[in-house]
Amino acid sequence: MRHLVLALLATIMAGLGPSALAQGDRATGGQPDTPSGLPVPRFVSLKSDVTNGRVGPSQAHPIAWRYVRAGLPMEVIAETRQWRRVRDPEGEVVWMHRVVLSSRRSVYALEETPLHARAAQDSPVEAIADAGVVLSLERCRSGWCRVEANGRRGWAPASLLWGVYPHERDGSLPAESGLSPNGSSALSAPAPHDTALR
């Protein structure tokens, strides 16, 4: 009987998977069991205009990509004490040292994205962000996110943005999400990484 209960428990835990278990830690207020004490996965952004993404977690590993865009959102998908394995908006996965990443939240426009005056499709459009633009993320609610770039603010449909989890689209963003990363001078998109290194 004991073996049957243990087998059943193991089956249930395997079915939940690591992300469900991590969510459970957050739901109960417990610290996630990660080197940083922060949940994985999570979104962060690049601190500076030039950041190296490496093929492994050390300075000895070769550079896979050189990112040339401060504020670009990255998704932490694994971590060690000093290094973070991150995914960029285009799906590339690299390792970065923790000091080059910021907890400031930003999003990446997946396509041309209207910034509305209010969180409603029929509200006036204040600006239009080109595909690939990085926007500072302020907050989300009801499937809309309040974003900013170069002093232009507005509400964008969350479905057009990379850098927001489905559970955050209804308003549960962390408090630091209102901080603004360095953006480009216009609402048009420069290249996020130097393709000459690939």
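Description of the structure in this document. As the structure is a prediction and not an experimental result, all values here were calculated from the model.

All right, on to the overall build of the protein chain then. Along the protein chain, the regular secondary structure elements total 1 helix and 15 strands. A total of 198 residues make up the protein chain; the buried ones form 41% of that total. Within the protein chain, contacts between residues at least 6 apart in sequence are counted, and of these 60% link residues at least 24 apart. Surface exposure of the protein chain reaches about 10400 Å², of which carbon and sulfur atoms provide 53%.

Turning our attention to the nonpolar core. Ranked by size, the top nonpolar core spans 18 residues in total, and within it Leu-46, Tyr-67, Leu-72, Met-74, Val-86, Val-94 and Met-96 carry the most contacts. Beyond its immediate chain neighbours, meaning those up to four positions away, Met-96 contacts Leu-46, Thr-51, Asn-52, Gly-53, Tyr-67, Met-74, Gln-82, Trp-83, Arg-84, Val-86 and Leu-101. With 15 residues, the next largest nonpolar core counts Val-107, Leu-115, Leu-137 and Val-147 among its residues.

Linking two cysteines covalently through their sulfur atoms gives a disulfide. This structure, assessed with the given rule, holds 1 disulfide. Each disulfide pairs two cysteine sulfurs, and for Cys-140 the partner residue is Cys-145, the sulfurs being separated by 2.1 Å. Its torsion about the S-S bond being 100 degrees, the disulfide of Cys-140 and Cys-145 is classed as right-handed. Overall, Cys-145 belongs to the buried group, its relative accessible area being 0%.

A few words now on the side chain of Glu-75. Mapped onto the elements of the fold, Glu-75 is located in strand β4 (residues 73-79). What makes Glu-75 buried here is its relative accessible area of 9%. Side chain to side chain, Glu-75 and Arg-87 meet in a polar contact 2.8 Å long. Among the polar contacts made by the side chain of Glu-75, one reaches the side chain of Tyr-165 at a distance of 2.6 Å. Among all residues touching Glu-75, those that are not within four sequence positions of it are Pro-41, Arg-42, Phe-43, Arg-85, Val-86, Arg-87, Trp-162 and Tyr-165.

Turning our eyes to something else, we now look at the packing of aromatic side chains. Considering all chains together, one arrives at 2 aromatic pairs under this definition. Aromatic ring contacts, followed pair by pair, group Phe-43, Trp-162 and Tyr-165 into a single cluster.

Enumeration over the complete set of coordinates arrives at 6 salt bridges. Between Glu-75 and Arg-87 there is a salt bridge whose closest N-O contact spans 2.8 Å. Of the two residues, Glu-75 is situated in strand β4 and Arg-87 in strand β5 (residues 83-87); the sequence distance between them amounts to 12 residues. You can call Arg-87 partly exposed: its relative accessible area is 29%. Notably, a salt bridge pairs Arg-84 with Glu-79, separated by 3.5 Å at the nearest N-O pair. Among the ionic contacts, a cluster of salt bridges with common partners joins Arg-42, Glu-79 and Arg-84.

Here we take up the environment of Arg-152. By the element assignment, Arg-152 lies in strand β13 (residues 152-157). Between the C-alpha atoms of Arg-152 and Leu-115, which are 37 residues apart in sequence, the distance is 8.7 Å.

Definitions and limits used
- Residues numbered from 1 in each chain as written.
- Predicted model: local features only at pLDDT ≥ 70, side-chain atom pairs only at ≥ 80, totals over all residues.
- Heavy atoms only, no water.
- Helix = DSSP H or I, 4+ residues; strand = E, 2+ residues; numbered from the N terminus.
- Buried < 20%, exposed > 50% of the residue type's maximum accessible area, 1.4 Å probe, protein only.
- Contact = heavy atoms within 4.5 Å.
- Areas by Shrake-Rupley, 256 points an atom, 1.4 Å probe, with all protein chains shown as cover.
- Core = buried A, V, L, I, M, F, W, Y, C linked by side-chain atoms within 4.5 Å.
- Disulfide = S-S within 2.5 Å.
- Polar contact = N/O pair within 3.5 Å; in protein donor to acceptor, adjacent residues only side chain to side chain.
- Phe/Tyr/Trp six-rings, centres within 6.5 Å; stacked < 30°, edge-to-face > 60°.
- Salt bridge = Lys/Arg side-chain N within 4 Å of Asp/Glu carboxyl O.

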